[in-house]
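Geometric and topological summary
Chain by chain, the residues:
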Amino acid sequence: MWKSGTLLLLSLLWVSAELQQETEPRRLPPPGKLDFGYVPAGVYETLAHYEPGPIGILFHLVHAFLHAVQPNAFPHDLIVKLAKDKFGAIQTEYQKPENIVLTLQAIYYEIGFLICAAVGLLFTILMPVVGLFFCMCRCCDNCGGEMHQRQRKNADCRRGLLGTLLFSTSLVITIGVLCAYAANQNLSSQVKNIRRLVNSNMRDLHTFANDTPMQIDYLISQYATAKNKVIYDLDNIGPLLGGRIHVRLDKEVHPALNQVLNMAGVKIQRAIKAMRETKEALENVSVSLVVLQEGAGKLHFNLSQVRNSINRTLDDPGCHDEESDATTAQLCRSIRQSLSQLQISANFTRLPDVNPQLEKMKNVMKTDLSSVVHRGFSSLNDTPHMVIEQTRSVVNSVQNLVDSIGKNISSFSKAFPVQTCLSNFTIFISHAHAKIEDYYPEIDKIDFYRWIGCIALCCMVVLVLAFNYLGLLCGTLGYDKHASPTTRGCISNTGGTLLMAGVGFSFIFSWMLMGLLTAIFLAGGNMEKLLCEPFHTKELFKVVDTPYLINPEWKNFIPGYMYNDSELELTSESLYSTCKQNKGIYSALRLDKVFNISSFLNTTVFTKDVVRQLESFRINLRGIILLEAEGKQNLRDFSEAGLSEINYADYLDEVNKGVTVVDVLSFAKELESQTDLMPRGPLQTALKGHVATLQRIHRQQIAPMEQAMSALNQSMRFLERTASDLPNKVTDVLEAIEAAQHLISQNATLLINQETKRYSATIIGYFNQYIEWVKTSLALEVAPCKPFSNILDTAQIMTCSFLVDSMNTFWMGLGCSTLFLLPSIILAVKLAKYYRRMDTEDVYDDVETIPMKNMEIGNNGYHSESPQGIPNPMMTSVPTYDTVNRFPRASAPPRHIDW
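Fair warning: this is a prediction, and the values are worked out from it, not measured in the lab. (Residues numbered from 1 in each chain as written. Predicted model: local features only at pLDDT ≥ 70, side-chain atom pairs only at ≥ 80, totals over all residues. Heavy atoms only, no water.)

This next bit is on the overall build of the protein. A count of helical and extended segments in the protein gives 31 helices and 2 strands. Within the span of the protein, comprising 899 residues, buried residues form 45% of the whole. Excluding contacts between residues fewer than 6 apart, the proportion of contacts in the protein whose partners are at least 24 apart in sequence is 88%. Here the protein displays about 46600 Å² of accessible surface, and carbon together with sulfur accounts for 58% of that area. (Helix = DSSP H or I, 4+ residues; strand = E, 2+ residues; numbered from the N terminus. Buried < 20%, exposed > 50% of the residue type's maximum accessible area, 1.4 Å probe, protein only. Contact = heavy atoms within 4.5 Å. Areas by Shrake-Rupley, 256 points an atom, 1.4 Å probe, with all protein chains shown as cover.)

All right, on to the state of the cysteines then. Note: disulfide means a covalent bond formed between the sulfur atoms of two cysteine side chains. This model, assessed by the stated rule, comprises 2 disulfides. Covalent S-S linkage joins Cys532 and Cys800, the inter-sulfur distance amounting to 2.0 Å. Across the S-S bond of Cys532 and Cys800 the torsion is about -95 degrees, and the bridge reads as left-handed. Remark: Cys800 occurs in helix H29 (residues 786–819) and Cys532 occurs in helix H18 (residues 490–537); sequence separation between them is 268 residues. Each member of the pair, Cys532 as well as Cys800, is classed as buried. Across a sulfur-sulfur distance of 2.1 Å, Cys579 and Cys785 are joined as a disulfide pair. Disulfide Cys579-Cys785: torsion about the S-S bond near -110 degrees, hence left-handed. Linking Cys579 in helix H21 (residues 572–580) with Cys785 in the loop between helix H28 (748–780) and H29, this pair joins segments that are 206 residues apart in sequence. Residues Cys579 and Cys785 agree in their burial class; the two are buried. Distance from the sulfur of Cys179, which forms no disulfide, to the nearest cysteine sulfur (Cys816) is 8.2 Å. Relative accessible area serves as the criterion here: at 15%, Cys179 is assigned to the buried category. (Disulfide = S-S within 2.5 Å.)

Another point: unusual backbone geometry. Within the chain, Lys538 stands out as a residue other than glycine whose phi angle is a positive 65 degrees. Looking at Lys538, the relative accessible area reads 26%, which means it is partly exposed. The residue Asn582 is not glycine, and still its phi comes out positive at about 60 degrees. Within the element layout of this structure, Asn582 appears in the loop between H21 and helix H22 (585–588). Relative accessible area serves as the criterion here: at 30%, Asn582 is assigned to the partly exposed category.

A complete count under the given rule lists 21 aromatic pairs for this structure. Ring geometry for Phe36 versus Tyr770: centroids 5.9 Å apart, planes at 55 degrees, classification tilted. Of the two residues, Phe36 is situated in the loop between helix H1 (2–10) and helix H2 (56–69) and Tyr770 in helix H28; the sequence distance between them amounts to 734 residues. A single burial state applies to Phe36 and to Tyr770, both of which are buried. (Phe/Tyr/Trp six-rings, centres within 6.5 Å; stacked < 30°, edge-to-face > 60°.)

A surface patch of nonpolar side chains, amounting to about 600 Å² of accessible area, comprises Ile100, Leu104, Ile107, Ile111, Leu114, Ile115 and Val119. For the nonpolar patch, the secondary structure elements donating two or more residues are helix H5 (97–109) and helix H6 (111–139). Per element, the largest residue contribution to the nonpolar patch is 4 residues, and it comes from H6. (Patch = residues over 30% accessible without salt bridge, like charges linked within 9 Å, V, L, I, M, F, W, Y side chains within 5 Å. Salt bridge = Lys/Arg side-chain N within 4 Å of Asp/Glu carboxyl O.)

The residue Thr546 is located in the loop between helix H19 (539–544) and helix H20 (557–562) in this model. A polar contact is formed between the side chain of Thr546 and the backbone oxygen of Val543, at a distance of 2.9 Å. For Thr546, the residues in contact, after removing those within four places along its chain, are His76, Val80, Lys84 and Lys555. (Polar contact = N/O pair within 3.5 Å; in protein donor to acceptor, adjacent residues only side chain to side chain.)

This brings us to the environment of Ile455. Looking at the secondary structure, you find Ile455 in helix H17 (residues 418–478). On the accessibility criterion, Ile455 (17% relative accessible area) is buried. It is 9.9 Å that separates the C-alpha atoms of Ile455 and Val177, two residues lying 278 residues apart in sequence. Look past the residues within four positions of Ile455 in its chain and what remains in contact with it is Tyr181 and Asn184.

Where H2 contacts H18, the two axes come as close as 11 Å, and the packing angle between them is 90 degrees. Between H2 and H18, the interaxial angle falls into the category roughly perpendicular. For the pair formed by H2 and H18, the contact residues are His63, Phe65, Leu66, His67 and Val69 on the first element and Phe521, Gly525, Glu528 and Lys529 on the second. Residue composition of the contact of H2 with H18, by class: 4 nonpolar, 3 polar and 2 charged. (Axes fitted to C-alpha atoms, helices over the stretch in contact; angles between N-to-C directions. Parallel < 35°, antiparallel > 145°, perpendicular 65-115°, else oblique. Nonpolar A, V, L, I, M, F, W, Y, C, P; charged D, E, K, R; others polar.)

Before going further, it helps to examine the nonpolar core. Judged by nonpolar contacts, the single largest core of 68 residues is most densely connected at Trp773 and Phe802. Counting 45 residues, the second largest nonpolar core, distinct from the first, contains Leu331, Leu671, Leu683 and Met716. (Core = buried A, V, L, I, M, F, W, Y, C linked by side-chain atoms within 4.5 Å.)

Within the element layout of this structure, Asp233 appears in helix H8 (residues 223–235). With a relative accessible area of 4%, Asp233 lands in the buried category. The residues touching Asp233, leaving out its near neighbours within four places in the chain, are Leu240, Tyr759, Thr762, Ile763 and Tyr766.

Counting across every chain of the model gives 7 salt bridges. Between Glu45 and Arg203 there is a salt bridge whose closest N-O contact spans 2.6 Å. Taken as a pair, Glu45 in the loop between H1 and H2 and Arg203 in helix H7 (residues 155–221) lie far apart in primary sequence, 158 residues in all. One salt bridge in this structure joins Lys555 and Glu569, with 3.9 Å as the shortest N-O distance. Of the two residues, Lys555 is situated in the loop between H19 and H20 and Glu569 in the loop between H20 and H21; the sequence distance between them amounts to 14 residues.

On to the packing of H2 against H29, then. The N-to-C vectors of H2 and H29 enclose an angle of 75 degrees; their axes lie 9 Å apart at closest approach. As far as their axial angle goes, H29 and H2 are roughly perpendicular. Here Leu58, Phe59, Leu61, Val62, His63, Phe65 and Leu66 of H2 lie close against H29, whose contacting residues are Ser801, Asp805, Ser806, Asn808, Thr809, Trp811 and Met812. Residue composition of the contact of H2 with H29, by class: 8 nonpolar, 5 polar and 1 charged.

Let us look at helix H15 (residues 383–390). Those residues of H15 lying buried are Thr383, Met386 and Val387. Angularly, the buried residues of H15 cover 100 degrees about the axis, an arc narrow enough to put them on a single face. (Arc of directions from axis to C-beta.)

Of all residues in the protein, 71% attain a pLDDT of 70 or more, and the chain-wide mean is 75. The model gives residues 1–30 a pLDDT under 50, and that stretch makes 80 contacts with residues more than four places away or in other chains. Residue range residues 260–268 is modelled with pLDDT below 50. Its contacts to residues more than four positions away, or to other chains, number 29 contacts. (pLDDT = per-residue confidence, 0-100.)

Mapped onto the secondary structure, Leu694 falls in helix H27 (residues 682–745). Look at Leu694 and you get buried, because its relative accessible area is 0%. Linking Leu694 and Ser666, residues 28 residues apart in sequence, is a C-alpha distance of 9.9 Å. Setting aside its immediate chain neighbours within four residues, Leu694 contacts Val306, Leu342, Val664, Phe667, Ala668 and Leu671.

In this section: H18. The sharpest bend along H18 comes to roughly 40 degrees, located at Glu528. Phi for Lys538, located one or two positions after H18, is positive at around 65 degrees. (Bend = angle between axes of the 7 residues up to and from the residue.)

Following the sequence through the fold, His60 ends up in helix H2. Spatially, the C-alpha atoms of His60 and Asp805 are 9.2 Å apart, while their sequence positions differ by 745 residues.

Pasting the structure below:
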């Protein structure tokens, strides 16, 4: 009944079907992360942890003592062999070698306990026997029973030492009794906590039963999160799938388009700028060439006039007259010789114009290349709209499929009698709790009797302690050092009598205490070493999980009993550890191997249906044209603009020559400096006028021509660079565009299939996320089985922490006190002689300086008369004592050497 009920309870975790058979493993791109929230969970209130408090120190001492008594490791193999044999063969066939070996192994493991038990048993047997003989011995005036005390010089020291030792021994016994009493009280107080622990465990079981349906409903409801995300992606298939296709095409096409749009860079503006700059460069060349050709003619004419004027001026008599200064004549000759440099250097008339190339470039610029490319990109960017139009029917089919999956899950969840199962489980918990409640009065009664019994055992020792303390108190307070043993006071005598009473009760109670404590020691010590300690180290679980131990046909007992599948790796240790971590009962009981209901809720079927629908997409991208024919012809015209036909070398040669052979401005400055060296006169004035003319020519004609030459130089070098690379670049661009166009028109099917699979994987990924979330939730959050491990921990706390530790502390404290009763007996007997009033005492002479051999006293120390009846004059001062009559049992006094 319990087995079937447990299986029915666990069947509520139907969602495990979604986790049985997953899709074939493949690497998928991670879809968008879905937020399923947190599974609602109740709070378990049981804290299965026990902190003993200050008494824990005593518990640790007991554990240390038990480890010293029994340091051997847990006998796993021995217990397994004994459990498999059920102790039968050892009892019936104990003479077999293997059984003898097992017996010796058990004895070896228990040797520490056996030695301690033997000591306790020996104590139990010998103590009453020794007490009987001690009593008989004292009745015969032996063993301290003689009421005569021999006087010694160190009697006070011996009495103080014996009193101190007895007091110390009594303190040790008192500490032991207090430990035993504390353990007894701790057990009684912890018994009262049993009800609280049991009630909290039962409430946790109710929480487990009440929260599980709510958690399962939450798992089912969160399918809507995945469903809504799938529907959202299907509704936006254009920007998602179409956008992905567009991005892939863009990755393949853009390198070619970039070469078209980026003649010198990577952007379309740069390409258009290159075309514009080429046109502007050609225009600059044309304008500069016209300027230079016209300016060269005018400059040639003006320079010729200046040169002739200077020659005429140098024909002045001031340069050739015999009376003229020799320096002036030399300056005139120098100026005349330099006039040959004052002429044009470059010949621009021989350079052809660039009007044909400029006309072709103007025709290219009439068509806007950016608009042509923009049209190509517009057709490429229209991919999302095409995807929407071509996948409309498939999207509707997938949406209907997603809705049907949700309906199937809801209908399937209703097929299980979850509520009925949980109601039965709750009723079972309530009945079990009620039965436990019925045992509480009996437990309280048993604990009360146990408490009374332990108090009675403590009172036995306390009675002895009371006699010891009272005897010490009376003996100490009533002792008079001036009183002789026969004249001691009543209080002192009472102290000695109390000590002897304590001795008597020690003999009466100690053997009974030791017998009981030995039995408790054997039971508590073995429970600690064979039950509690192995539970903490999990050795106990290994014994329970031993294959074929409980049932010879079952490898693992739990799955064999519950699922009839003993090969399933489900052990008590794994079950306890999983529940200890507050994981779900689904993972704890390995339900994924048992509840295989994937035939109905098989996620692979769902995802295959979705994949089949998505794979039916037929997207045709043949209508996408990246670059129109007009744009291609435009590029060809641009590359064939005739730039390569220009003779750049001639242009650059003429430009590098300069406008004139000599720098006119420098020539004018030199002429002016030479003129300043001439004497003032008409010659100097005329030459200075020519200097001003040259400066005006340079400013008005040569400087503009130099600017035109600089512009022509820059434009020609730019055209030379463009012309060298332009044909190859345009050819590469056109070839790349053709390859990209072929990719879109002919080879786009593979790309579309890849992106469709990625999109399908994204859709499936939402289902996988839901499944993984359900799997994780089932393993960690749904129906966490912490209450079941708490039940076991609570039983361990009650048994080991409450009962065994308290019981072991009790026997350790009381046993220590019982053992110390032995020195207490010896010390009390010896000390009582110093407190009790004696019947006889030793008598000594007052004159201690008289040697014994000169005294006429018997060598036995007693006073006697002279043998001849003649008084001894030396003994006349010594009083006469009739010791024979007064103290018939007086013994001989000590010799001087003993004083």
